[in-house]
Amino acid sequence: MQKQAILLVFSNLRYTILSISIFAGLLISLSFLSEFIFTSPRLIFYVPSYAIPNFLLIIIVAALSGLVISMSIFRIRMMRSGIKSGSGFIGSIIGASAGACSCGSIGFAVVSAFGAVGGTLTAFLTNYEIPLRLVSIGILIYTYYVTAKGLTAECKIQK
């Protein structure tokens, strides 16, 4: 069921390019926020050994987000009414944003803007970064399953 939905969506080159673009954009932005990419004095990419699990979770979140958002956009365009199919798109946005909870370099801005509440939020997000990314992966997997099931039912894909 899921294989036919993926083949249907990604047989169109536009959705393949969209998925790759979302993956690359999220991977670069989340890597930058998690301080795996440095820009001063020159562009450096470095993943310390203790942060490999966190980096792998970033790759998974970015890949699933690219897959699910492309499938959701395809489903919305096929249905021509975003009411019924919009939940898959919203779920993919929630899953991707939950995976972006790393506060590395922006933590200081949050603390200065919100005071003690910002400091508490930054400490919470830093301490529970990996569990929150796992939750976002769960949301994205569920959204993928619902979207693939909807595409299979709406497009009458035969097994």
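Residues numbered from 1 in each chain as written. Predicted model: local features only at pLDDT ≥ 70, side-chain atom pairs only at ≥ 80, totals over all residues. Heavy atoms only, no water.

1. Considering the packing of aromatic side chains
Okay, so step 1: The full count for this structure, using the stated rule, is three aromatic pairs.
Okay, so step 2: Ring geometry for Phe36 and Phe55: centres 5.5 Å apart, planes at 85°, overall edge-to-face. One end of the pair, Phe36, is in the loop between α2 (13-33) and β1 (37-38); the other, Phe55, is in helix α3 (residues 52-79), and 19 residues separate them in sequence.
Okay, so step 3: Among the residues examined, Phe55 registers a relative accessible area of 15% and is labelled buried.
Okay, so step 4: By the ring-pair criterion, three or more aromatic residues cluster together here, those being Phe36, Phe45 and Phe55. (Phe/Tyr/Trp six-rings, centres within 6.5 Å; stacked < 30°, edge-to-face > 60°. Helix = DSSP H or I, 4+ residues; strand = E, 2+ residues; numbered from the N terminus. Buried < 20%, exposed > 50% of the residue type's maximum accessible area, 1.4 Å probe, protein only.)

2. What about unusual backbone geometry?
Okay, so step 1: The omega torsion of the bond from Ser40 to Pro41 falls at 5°, within 30 degrees of zero and hence cis.
Okay, so step 2: Of note, Pro41 is situated in the loop between β1 and β2 (44-45).
Okay, so step 3: One non-glycine residue with positive phi stands out, namely Glu35, at about 65°.
Okay, so step 4: You can see Glu35 is positioned in the loop between α2 and β1.

3. Re the packing of α2 against α3
Packed helices, taken two at a time, are described by their axes: the angle between them and the distance between them.
Okay, so step 1: At a minimum axis distance of 8 Å, the contact between α2 and α3 shows a crossing angle of 145°. Handedness of the α2/α3 crossing: right-handed.
Okay, so step 2: Of the residues contributing to the contact of α2 with α3, the split by class is 17 nonpolar, five polar and two charged. (Axes fitted to C-alpha atoms, helices over the stretch in contact; angles between N-to-C directions. Left-handed = near helix turned anticlockwise from the far one by under 90°. Nonpolar A, V, L, I, M, F, W, Y, C, P; charged D, E, K, R; others polar.)

4. Regarding the packing of helix α1 (residues 2-10) against α3
Okay, so step 1: Closest axis-to-axis distance for the α1/α3 pair is 10 Å, and the angle between their directions is 75°. In terms of their interaxial angle, α1 and α3 are classed as roughly perpendicular. In this structure, α1 uses Ala5, Ile6, Leu8, Val9 and Phe10 to contact α3, whose residues at the interface are Leu67, Ser70, Met71 and Phe74. (Parallel < 35°, antiparallel > 145°, perpendicular 65-115°, else oblique. Contact = heavy atoms within 4.5 Å.)

Don't take any of this as a statement about function, it's just geometry.
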